[in-house]
Every structure is written in structure tokens, then in C-alpha cells.
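Remarks on the overall topology
Listed below are the residues making up each chain.
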Amino acid sequence: MSGAGQSVAPALTGYRLERGNAPAPVVAFANQKGGVGKTTTAVNASVFLARSGHRVLLVDMDPQGNATSSLGVDKDALTRSTYDLLTEQIPVEDTIVPQVRPGLDLIPAGPVLAGAEVELVGQTGRERKLEKSLAAALTSYDVILIDCPPSLGLLTVNALTAARSVVVPIQCEFLALEGLGQLIQTIDLVKQSLNPPLDVAGVLMTMYDARTRLSAHVVEEVRRYFPHRIFNAIVPRSVRLAEAPSYGQAIVEYDPASRGSDAYESFARELSARLRLPDPGSAPASTERSDS
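Heads up: these notes are all about the structure in this document. What you see is a predicted model; the values in this text were computed from it and never measured. (Residues numbered from 1 in each chain as written. Predicted model: local features only at pLDDT ≥ 70, side-chain atom pairs only at ≥ 80, totals over all residues. Heavy atoms only, no water.)

Looking at the element boundaries, Ala-159 is found in helix 6 (residues 154-162). Accessibility expressed as a relative area gives 0% for Ala-159, which makes it buried. Remark: the alpha-carbon pair of Ala-159 and Met-61, spanning 98 residues in sequence, is separated by 7.7 Å. Setting aside anything within four residues of it in sequence, one finds Ala-159 in contact with Ala-28, Leu-130, Ile-146 and Cys-148. (Helix = DSSP H or I, 4+ residues; strand = E, 2+ residues; numbered from the N terminus. Buried < 20%, exposed > 50% of the residue type's maximum accessible area, 1.4 Å probe, protein only. Contact = heavy atoms within 4.5 Å.)

As summarised here, the arrangement of the 8 strands in space is 4-5-3-6-2-7-8-9, forming an open sheet in which the pairing is mixed. In the strand order of this sheet, the two ends are held by strand 4 (97-101) and strand 9 (230-236), each with one partner. Mean inter-strand twist for the sheet, computed between neighbouring axes without regard to direction, equals 25°. As judged from the 3 bridges shared by strand 2 (residues 26-29) and strand 7 (residues 165-171), these two strands associate in the parallel manner. (Pairing = 2+ DSSP bridges. Axes fitted to C-alpha atoms, helices over the stretch in contact; angles between N-to-C directions.)

Turning to the packing of aromatic side chains, a few remarks are in order. Applying the stated criterion to the full structure yields 3 aromatic pairs. Pairing Phe-231 with Phe-267 gives two aromatic rings, centres 4.9 Å apart and planes at 80°, and the pair type is edge-to-face. Here Phe-267 lies in helix 11 (residues 259-275) and Phe-231 lies in strand 9, a separation of 36 residues in the sequence. Across this residue pair, the class does not change: Phe-231 and Phe-267 are buried. On the numbers, 6.5 Å between centres and 80° between planes, the contact of Tyr-264 with Phe-267 is edge-to-face. (Phe/Tyr/Trp six-rings, centres within 6.5 Å; stacked < 30°, edge-to-face > 60°.)

Helix 11 packs onto helix 1 (residues 38-51) with a crossing angle of 75° between their chain directions and a minimal axis gap of 9 Å. Overall, the two elements helix 1 and helix 11 adopt an arrangement that is roughly perpendicular. Contacts between helix 1 and helix 11 pair Thr-40, Thr-41, Asn-44, Ala-45, Phe-48 and Leu-49 from the former with Ser-261, Tyr-264, Glu-265, Phe-267, Ala-268, Leu-271 and Ser-272 from the latter. Taken together, the residues of the contact of helix 1 with helix 11 sort by class into 7 nonpolar, 5 polar and 1 charged. (Parallel < 35°, antiparallel > 145°, perpendicular 65-115°, else oblique. Nonpolar A, V, L, I, M, F, W, Y, C, P; charged D, E, K, R; others polar.)

This part is about the side chain of Lys-38. Within the secondary structure, Lys-38 is located in helix 1. Among the polar contacts listed, one links the side chain of Lys-38 to the side chain of Asp-147, at a separation of 3.1 Å. Looking at Lys-38, its side chain comes within polar contact range of the main-chain oxygen of Cys-148, at 2.4 Å. Every residue in contact with Lys-38, bar those within four places of it in the chain, is listed here: Phe-29, Ala-30, Asn-31, Asp-62, Asp-147, Cys-148, Pro-149, Pro-150 and Pro-169. (Polar contact = N/O pair within 3.5 Å; in protein donor to acceptor, adjacent residues only side chain to side chain.)

Of note, Met-207 is a non-glycine position whose phi angle comes to about 55°, a positive value. Position of Met-207 relative to the elements: it lies in strand 8 (residues 199-208). One non-glycine residue, Arg-276, lies in positive phi territory at about 55°. Considering the arrangement of structural elements, one finds Arg-276 in the loop between helix 11 and strand 10 (287-289).

Here helix 8 (residues 213-225) spans 19 Å end to end across 13 residues, near enough to the 18 Å set by a 1.5 Å rise per residue. Among the residues making up helix 8, those that are buried are Ser-215, Val-218, Val-219 and Val-222. The buried side chains of helix 8 occupy one side of the element, clustering within an arc of 100° when seen end-on. Exposed residues pointing more than 90 degrees away from the buried face of helix 8 are listed as Arg-213 and Arg-224. If you follow the buried residues of helix 8, they end up packed against strand 7, strand 8 and strand 9. (Expected span 1.5 Å × (residues − 1). Arc of directions from axis to C-beta.)

Within the largest apolar cluster, 52 residues are counted, with the highest numbers of intra-cluster contacts made by Leu-130 and Leu-134. Looking at which element gives the most residues to this core, the answer is helix 6, with 6 residues. Residues in contact with Leu-134, not counting those within four places in the same chain, are Leu-57, Val-59, Leu-85, Val-92, Ile-107, Ile-144, Ile-146 and Ala-162. Val-27, Ala-67, Val-73 and Leu-104 belong to the second-largest nonpolar core, a separate cluster that totals 40 residues. (Core = buried A, V, L, I, M, F, W, Y, C linked by side-chain atoms within 4.5 Å.)

As for its position among the elements, Asn-195 is in the loop between helix 7 (180-193) and strand 8. Judged by its relative accessible area of 3%, Asn-195 falls in the buried class. Engagement of the side chain of Asn-195 in a polar contact is seen with the backbone oxygen of Ala-163, the distance being 2.5 Å. Looking at Asn-195, its side chain comes within polar contact range of the side chain of Arg-164, at 3.1 Å. Sequence-distant contacts of Asn-195, defined by excluding residues within four places in its chain, comprise Leu-160, Thr-161, Ala-163, Arg-164 and Val-190.

Moving on to the environment of Ala-45. Tracing the sequence through the fold places Ala-45 in helix 1. The class of Ala-45 is buried, set by a relative accessible area of 0%. Excluding anything up to four places from it in sequence, Ala-45 contacts Phe-29, Leu-145 and Phe-267.

Here it is in C-alpha cells:
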């Protein structure tokens, strides 16, 4: 695992995907508003699910590459990334950084991904590039998580088209509610025209401050609109959560006794139940590196 001053270098040579399991559910973490804890949620959910025994693939679709760096992977050392997956038709196994944590693989991202939206605009089937690329990996994992950029552009549309479920992190502040309707409208449009099975797995409240009435009010407002979709877990506002990515660590690695760690563990358990993930001990999926 990565600590302060450490980074995980991509290691792709001889990597292979094994087949034979049921297709993994694909979950997009989306919100066009930045700073709501979307990447923090995707990274920590990935690590907690992997620690519980699931085989997890995290796909970084944000040109900022924050999910990549949050796991200790050096963005400057990348030889392949989601950019190559979308624009160069590189096989998915050639873009994976394996075992960034036990049970957790990563398709990383860097600033070059920002050019993908421009390059894809004129291409046929541009909204389905990610879906087609990930098809070869679906039977090698228990779950695939996608960290979307803070926008509703083509990269996010690709993620929503590839996914079957969406998790919407919402900051416990009034302004965070303003863009929610626009996001739901985008999800509905993708559902109608590109991906009928797409559904909202749930809304996760983040940056909750128990000292303010506003946080409680926002939670109640969201619960009123999504009475059966809001997660019971609520992520508190936490300095420790904000510090962990700078060390290339998930919160359970950086401060396992913190309230943030407890919250994300609860969220990962809820997400696993909603996705009906298999018992990790019953039908393990695996990816290996070939000796050849």
C-alpha cells in the first residue's frame, strides 16, 4: 500500500483478464458539481469493497486524475490510461494498473484525457466507447466503479452509458441541490436514448456538519425527493478525509479509527447490498499476470 512519498508505477506487461464469472455490475459516481466528495467516495468504496474480498476495477474518467493519485499512482509515469481506451481502441487489459491494492485494479487517468472529448465528437458511436472497451473486463470482476468528471460532457455520458447504476454524492449545502435536477435530467436522457437499464442506485450525503441546521435541512430535502434512494450512511465533514489523498491512501489506511472511515465502510456495505454483490467466498473472480 502507498504511504507518504510513495507511488505505484504502472505494471502492465503480461497482464491478462480471466473469464468465466457473471458480468460485473458497473456503477458510475456522478455529479456535475465539483467538490462534493465524488472521487473520495469512488476511491474509498473501491478500497473497502476490495478489502471485503471482492475483485474491483476502478475506472478514472476525470482528466484531473484525482482517483489515480489518491491511490498513490504517479500520473506522470502512465504509459496507458482511459484516454487510450477511448481514443486508440487499446485493449482494456493493456490499460489496467493491477493490484494497486489487494483485489483492486485501476484504469488510470491524466490530463491528456481532456482531449478525448474533442477527439470523440465526430466519431460514430462516441457515447459507447467506454461501454465497448469495458465489455472484455465484465466477467473478470465482481464490480466495476467509474469516477466521472465534474461535468455533464461526453466523458460523463460515456460513463453513464457503460453503467447500470449511478451513485450521486451530494454535499450537505444548499447550493449543492441546485444542480441535482439537471443531473437527474441527464440520467433520464441517457436512460431513454442510450441505456434503458440505467438507474440511480442511491444518493450519498457528504460533508455533513452536525453543528449546523443547514446540513440536517439538506438531508431532509434530499430524503423528501428520494425517499427510497438515499443511503443511510452519511459522510461527515472531516479533515482526515481531506488529508488522506495527499498520502496516496484511502481513509481506512490513513485513519481507520476516524468517523470518515466508519461512514465509508457503512456506505460500502450498503452499496454491496443494493448491487447484490456475490459473497466473496462463493465465486471468486480473479485477474492474474501471465508468466509468459
